[in-house]
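Below, each chain spelled out in residue letters.
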Amino acid sequence: LFGRIGFIGLGTMGSRMADNLIKAGYEVSVHDINHNVMKMFSDKGILTEDSPLKVAETSDVVITMLPSSNHVLDVYTGQNGFLSGGNPLRPWLFIDSSTIDPQTSRKVSAAVSNCSLIHKRDGWKAPAMLDAPVSGGVLAAENGTLTFMVGGPEEAYTASKLLFLSMGENTIYCGGSGNGATAKICNNLAMAISMLGVSEAFALGQSLGIAASTLTKIFNSSSARCWSSDTYNPVPGVMDGVPSSRNYIGGFASKLMAKDLNLAAASAKETGFWCPLTSQAEKIFTELCNNGHEAKDFSCVFRYYYSGKDE
Ligand code: NAD
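Residues numbered from 1 in each chain as written. Predicted model: local features only at pLDDT ≥ 70, side-chain atom pairs only at ≥ 80, totals over all residues. Heavy atoms only, no water.

Relative to the helices and strands, Ser98 resides in the loop between strand E5 (93-96) and helix H5 (102-113). Overall, Ser98 belongs to the buried group, its relative accessible area being 3%. Within the local environment of Ser98, its side chain forms a polar contact with the backbone nitrogen of Leu66, the two atoms lying 2.9 Å apart. One polar contact links Ser98 to Asp96, side chain to side chain, over a distance of 2.6 Å. Ser98 has contacts with Thr64, Met65, Leu66, Val72 and Pro133, leaving out every residue within four places of it along the chain. (Helix = DSSP H or I, 4+ residues; strand = E, 2+ residues; numbered from the N terminus. Buried < 20%, exposed > 50% of the residue type's maximum accessible area, 1.4 Å probe, protein only. Polar contact = N/O pair within 3.5 Å; in protein donor to acceptor, adjacent residues only side chain to side chain. Contact = heavy atoms within 4.5 Å.)

Neighbouring residues of the ligand: 24 residues in total, closest Thr12, Met13, Asp32, Leu66 and Lys259. At 3.4 Å, a backbone N or O of Ile33 approaches a nitrogen atom of the ligand. Within the complex, 85% of the 840 Å² of free accessible area of the ligand lies under protein. Of all elements in the fold, only helix H4 (69-77) and helix H11 (254-271) reach the threshold of two or more residues within the shell around the ligand. Residues of the shell around the ligand, tallied by class, amount to 10 nonpolar, 10 polar and 4 charged. (Near = heavy atom within 4 Å. Areas by Shrake-Rupley, 256 points an atom, 1.4 Å probe, with all protein chains shown as cover. Nonpolar A, V, L, I, M, F, W, Y, C, P; charged D, E, K, R; others polar.)

Turning our eyes to something else, we now look at helix H2 (residues 35-43). An α-helical turn contains 3.6 residues, so any two residues separated by three or four positions project in the same direction. By the burial criterion, the buried members of H2 are Val37, Met38 and Phe41. The buried residues of H2 occupy an angular sector of 105 degrees when projected down its axis, which confines them to one face. Turned more than 90 degrees off the buried face of H2, the exposed positions are His35, Asn36 and Asp43. Buried residues in H2 make contact with helix H1 (14-23), strand E2 (28-31) and strand E3 (47-48). Of the residues flanking the start of H2, the one acting as N-cap is Asn34, its side-chain oxygen 2.9 Å from the backbone nitrogen of Asn36. (Arc of directions from axis to C-beta.)

The next thing to look at is a nonpolar patch on the surface. Taken together, the side chains of Leu1, Leu162 and Leu165 make up a nonpolar region of the molecular surface, amounting to roughly 350 Å² of accessible area. By secondary structure assignment, the location of Leu1 is in the segment before strand E1 (5-8). For Leu1, a relative accessible area of 80% puts it in the exposed group. (Patch = residues over 30% accessible without salt bridge, like charges linked within 9 Å, V, L, I, M, F, W, Y side chains within 5 Å. Salt bridge = Lys/Arg side-chain N within 4 Å of Asp/Glu carboxyl O.)

The subject of this paragraph is the packing of H11 against helix H12 (residues 276-293). H12 packs onto H11 with a crossing angle of 150 degrees between their chain directions and a minimal axis gap of 9 Å. In terms of orientation, H11 lies roughly antiparallel with respect to H12. Note on packing geometry: the crossing formed by H11 with H12 is left-handed. Here Ser254, Lys255, Met257, Ala258, Leu261, Asn262, Ala264 and Ala265 of H11 lie close against H12, whose contacting residues are Thr278, Ala281, Glu282, Phe285, Thr286, Leu288, Cys289 and His293. For the contact of H11 with H12, the per-class residue count stands at 9 nonpolar, 5 polar and 2 charged. (Axes fitted to C-alpha atoms, helices over the stretch in contact; angles between N-to-C directions. Parallel < 35°, antiparallel > 145°, perpendicular 65-115°, else oblique. Left-handed = near helix turned anticlockwise from the far one by under 90°.)

Below, the discussion takes up the pairing of strand E4 (residues 61-64). With burial as the criterion, each face of E4 is covered, one bearing Val61 and Ile63 and the other bearing Val62 and Thr64. As paired elements, E1 and E4 share 4 bridges and run parallel to each other. Bridging across to E4, Phe7 finds its partner in Ile63. For the handedness criterion, the β-α-β arrangement of E4, H4 and E5 is classed as right-handed. (Pairing = 2+ DSSP bridges. Right-handed = clockwise from strand over helix to strand, strands pointing away.)

Turning next to the pairing of E1. Of the two faces of E1, both are covered, the one formed by Ile5 and Phe7 as well as the one formed by Gly6 and Ile8. Both E1 and E2 contribute to a ladder of 4 bridges, which runs parallel. If you follow Ile5 over to E2, its bridge partner there is Val28. As a crossover connection, the stretch from E1 through H1 into E2 is right-handed.

Below, the structure written as structure tokens:
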């Protein structure tokens, strides 16, 4: 159905997503600038290529899972990038699952759709690109339970749904190009602000004399109830099995949250949209990272209210 699949970016998330494609029986070839990770794949008998261009020349569908916008631009439009070999192209579908800004997604998608195809598909004049960032961390990538938020042409989304379902359990179509990227940064923006709101309220409550466990009971049966209070509580000792109860180890790193808030703030700036809480959240999470907490789960923002004081 999909032919050969090329996968670029075999880091924390990508290596596990590529493994799930392989387990599902797809013929996969891979590329990463990290030679150690390439060796891990070649040791498993997986075809490794030494550039994105080589992957594109031998694949029908390509998927990227890269750190940031610049890496995506490089892999698509840089030297030895997907589009550097001239027109027409072999892949009919390009999927980018990296978390990047919607403006870059739209730019890359336009460059892809300006090309033509070696092997025509029914009704397809040009290759298509989908921006398909994911929700869910390392465990979801490993267990194949990611949620994909997908932007781009709807016929490309429909044609690739099965592929997404071999790496995840949910796919949501978000509309045109860039809308998957938009959904991802807006989701994480709301998550950051709600975590900050709950942390601030708990910190104030404690300073006024109420126990966090009592306040949690109130929140969870009242109008302040949210994911940050009932599933991922930031106060150590209130809930078992969450990062706050193991010194904020594991979970979603503060540096990734700072990155996502930076993307939201940059998008707001670019469109001239006023987002006062975004700027404040970005500032607080950046400060947390600069103070040495970049690898800790983002719910450690609760500690921000006690920084410099004895808890
Ligand atoms: P990572 O840094 O672990 O992996 C990125 C990989 O890309 C590395 O192996 C790196 O060598 C490779 N790479 C970088 N530049 C390259 C290039 N030019 N050509 C080929 N390979 C290149 O990152 P990750 O944690 O896997 O995250 C990937 C993306 O997913 C990011 O955009 C991140 O924000 C997003 N994300 C991460 C998580 C998470 O929990 N880690 C969750 C959701 C979304």
